[in-house]
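If you want the building blocks of each chain, they are given just below.
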Amino acid sequence: MINKGIFITRFKQLCKLKKKTQAEIAESLGISINGLKHYMRKTNNAFPPVEYLDLMAKEFDVDVAYLIGEIDVPKHASLTVANATGLNTRERDFQNDLEWDDEFYALAREYYPAYPQKKNKRSINEYADRTYAIDLITRSSKEYSYKFCFFIDFLANSNKIAELVELTYTLLFESAEENIVIIKTNDSLKHAYKKEIADKKILKNRIISLFDEILTDKVDFSGFTDSDTAEIMVRQLLGFIEKYYFNISRPKMIKIISRRLEEIRELDETSIILGYSPKKILEGFLVKLAERYKYQLSSEFIEKYEKELPHSLSYYTNDYQFYRNRKKNYF
């Protein structure tokens, strides 16, 4: 259970255990001692920002979840999580490979006595740069753990996940000894793929297409929106128009804007810019839209841009004209 009192108690206990003073912890966080004490007051119900909690956890060598009272052990044990989820750890992968090596060399020398002696065991350093799912779950950062788990849940909720998993495993790990792999996605639908090398490209393309179908299903039918990302994309579009307005032909610019608007629509169909056609945007309402999305057009651009407009700039920045020129079917 998350509790401010538990956090304060554990913070003080860990300072004592790790022989750290509050001044040293404050220095590692890049704040003053008074700033740290502000978060330690029982009368202040607010927790320190996530980035401070993350730094504290690293300093004490515990998980953030332990600091705030979410779990009662200092760190999640990777092996425990691995056993519960079936996910591999770096150490387990290393051990599995060593065992496979032992079996391979024993079998090889049984049939071919002259087979070379077993090479030196591989170093675990070979695995050091790999990122394992287990690392994302157990590291002291809620951001990574949450996003990873959200992604897995997102995939698992699709009725196409069985096919995606089976095909991906087949592409990466199955040998070509078996000629056919059959995927049953429901009682009536089956997909069959040959495993010969020539068919691997077909299999890979099907996996990519299937993943796209899963994303499309989510975006199109579940009301999924991401207005923050949509706003970022709008500002990127406005920046693109400012940069290339005088360097790209109008038909090509309109085509590019149309495509960008569709991408924005997939994330937030209520975005204000969608109420205007590419022609209207280029015609003059670009300035008003830039103001709405807090994008700063350069004075040099506006001065040159204004000369291209059929009306004065004030016409396009007028609220009445701005809404009057919006698409009739918008909203």
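Located above this text is the structure these notes cover.
Residues numbered from 1 in each chain as written. Predicted model: local features only at pLDDT ≥ 70, side-chain atom pairs only at ≥ 80, totals over all residues. Heavy atoms only, no water.

**Q** Whenever I open this one, the overall build of the protein chain confuses me. Can you help?
**A** Secondary structure assignment for the protein chain yields 17 helices and two strands. Across the protein chain, contacts joining residues at least 24 apart in sequence account for 59% of those joining residues at least 6 apart. Of the roughly 21600 Å² of accessible surface on the protein chain, a fraction of 53% belongs to carbon and sulfur atoms. (Helix = DSSP H or I, 4+ residues; strand = E, 2+ residues; numbered from the N terminus. Contact = heavy atoms within 4.5 Å. Areas by Shrake-Rupley, 256 points an atom, 1.4 Å probe, with all protein chains shown as cover.)

**Q** Sorry if this is basic, but what is going on with the pattern of salt bridges here?
**A** All chains considered together, the criterion is met by nine salt bridges. Note that E262 is salt-bridged to R265, the shortest N-O span being 3.5 Å. Placement of both E262 and R265 in helix α13 (residues 250–267) is noted, with a separation of three residues, approximately one turn of the helix. Linked through salt bridges whose partners overlap, the residues forming this network are K160, E163, R206 and E213. (Salt bridge = Lys/Arg side-chain N within 4 Å of Asp/Glu carboxyl O.)

**Q** Explain the nonpolar core to me, please; I cannot follow it from the model alone.
**A** The nonpolar side chains of soluble globular proteins are, as a tendency, buried together. Grouped together as the largest cluster of nonpolar side chains are 34 residues, with contacts concentrated most on I241, I257, L261, I264, I273, I281 and L286. Put simply, the parts of the chain that give this core at least two residues each are α12 (227–244), α13, α14 (278–292), α15 (299–306) and α16 (313–317). With residues near it in sequence (within four places) discarded, I264 still touches A230, M233, V234, L237, S271 and L274. Counting residues in hydrophobic clusters, the runner-up holds 24 residues, among them I25, A26, L29 and A65. (Core = buried A, V, L, I, M, F, W, Y, C linked by side-chain atoms within 4.5 Å. Buried < 20%, exposed > 50% of the residue type's maximum accessible area, 1.4 Å probe, protein only.)

**Q** Mind showing me how you'd approach the packing of helix α1 (residues 4–17) against helix α3 (residues 33–40) here?
**A** The relative placement of two packed helices is expressed as an angle between their axes plus a distance between the axes. Where α1 meets α3, the closest approach of the two axes is 10 Å, and the angle between their N-to-C directions is 135 degrees. Considered as vectors, α1 and α3 are oriented oblique to each other. Contacts from K4, F7, I8 and F11 of α1 reach α3 at L36, Y39 and M40. By residue class, the composition of the contact of α1 with α3 is six nonpolar, no polar and one charged. (Axes fitted to C-alpha atoms, helices over the stretch in contact; angles between N-to-C directions. Parallel < 35°, antiparallel > 145°, perpendicular 65-115°, else oblique. Nonpolar A, V, L, I, M, F, W, Y, C, P; charged D, E, K, R; others polar.)

**Q** Is there a simple way to think about the environment of K75 in this case?
**A** Here K75 is to be found in the loop between α5 (64–67) and α6 (78–85). Apart from residues lying up to four places away in sequence, K75 is in contact with D61, V62 and D63.

Function cannot be read off these values alone, since they describe shape.
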